[in-house]
Amino acid sequence: MKQRIRVTAICKRGNEVLFLKRAGGRVEGLSNFELPTGKIVFGEQPDEAMARIVYEYTGVQAASLKLSDVVTFTDLRNSSGQGNLYVVYEVQLQNEDVKITSERYLSYLWASSEKYAELELDEASNMVLRITNSKLEQGTLAGRELGEADKNETAAQDSAIIYTDGGSRGNPGPSSLGYYIIDKNGREIKRGGEFLGFSSSRLAEYYGLKEGIEQAIELGLKHVDFRSDSLMLVNQMNGIYKVKNADLMQVHNDVLKLLEKLDSYSFMHVPRSQNVEADAEVNKILDMETRRATY
């Protein structure tokens, strides 16, 4: 699968974000709003490309650029299934005197999150905002237990955040996986784990992700944001690192095939402190197996 790489700016003014209105959308006659986004020219660093694009599209220099995230997604609803990798920057402009000088755009708009939720956003900008906003919110979302009726209602929805983890005591040694699934309001849908036998921690991380995807498919989820504290796994799934380890090749290929059953997905690295539920499932399984081996 080919991957499109772009830099995109979240230009902020207080609690508002800058959007540019296209002179024409991908669909004839449709003009969408979008975040300032563009290609990296050969020889440029991503931050250099971002500064150039902001100035070309707004007529205002960037006062500061802060790397916010690197997000990847595949949206099969309105595209050919091409992979997308977006390097996202939080940008402060030197002033608010935006001037549309590119024929690419008709006008601009500053909008709060409540307002831009009502805008007709292009597919990529909508995905970038959804992914980055969910990361900002995850620190304040406290998963809570639901009654069976609530769980069934939540599981019927097609979007969720899935935290996955894998661990090995001894590396290699006794290993297990864990997952924790919540809806967009932070309410728990499902959690669980599985003993893997004798394995390495990196392989356990991949099996944790595979199990998370299988759970998503079983629950009928279509749009999933995956979270992991394994930077290696996230970077490999985002296409930043290649999979070179022979022991990971098969499960990596299995994961890619399973992802084809989802409409859209993303992978994001989080610190271990934000992955405690999935980690707890891993250790619970390993503790049980340790006690079983003792007796």
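Residues numbered from 1 in each chain as written. Predicted model: local features only at pLDDT ≥ 70, side-chain atom pairs only at ≥ 80, totals over all residues. Heavy atoms only, no water.

A word on the environment of Lys-115
- Here Lys-115 shows up in helix α2 (residues 113-116).
- With 99 residues separating them along the chain, Lys-115 and Glu-16 place their C-alpha atoms 9.1 Å apart. (Helix = DSSP H or I, 4+ residues; strand = E, 2+ residues; numbered from the N terminus.)

Structural notes on the side chain of Glu-44
- Structurally, Glu-44 can be placed in the loop between β4 (37-38) and α1 (46-58).
- For Glu-44, the side chain forms a polar contact with the side chain of Arg-52, separated by 2.7 Å.
- Those residues within four positions of Glu-44 in sequence are excluded, and the remaining contacts are Lys-39, Ala-49 and Arg-52. (Polar contact = N/O pair within 3.5 Å; in protein donor to acceptor, adjacent residues only side chain to side chain. Contact = heavy atoms within 4.5 Å.)

Focus: helix α5 (residues 201-218)
- For α5, spanning 18 residues, the distance from its first C-alpha to its last is 25 Å, which sits close to the expected 26 Å at 1.5 Å a residue.
- Gly-220 sits one or two residues past α5 and shows a positive phi near 80°. (Expected span 1.5 Å × (residues − 1).)

As for the pattern of salt bridges
- If you walk through the whole model with that rule in mind, you get 21 salt bridges.
- The partner of Arg-13 in a salt bridge is Glu-16, with the nearest N and O atoms 2.6 Å apart.
- Residue classification places Glu-16 among the partly exposed positions, given a relative accessible area of 22%.
- Arg-272 serves as the salt-bridge partner of Asp-165, at 3.6 Å between the closest nitrogen and oxygen. (Salt bridge = Lys/Arg side-chain N within 4 Å of Asp/Glu carboxyl O. Buried < 20%, exposed > 50% of the residue type's maximum accessible area, 1.4 Å probe, protein only.)

With respect to unusual backbone geometry
- The step from Asn-171 to Pro-172 runs through a cis peptide bond, and the omega angle for that step is 5°.
- Within the fold, Pro-172 resides in the loop between β8 (159-168) and β9 (173-182).
- The backbone of Asn-171 sits at a positive phi, close to 40°, despite the residue not being glycine.
- Locating Asn-171 in the fold gives a position in the loop between β8 and β9.
- A relative accessible area of 43% means that Asn-171 is categorised as partly exposed.

What is shown is where atoms sit, not what they do.
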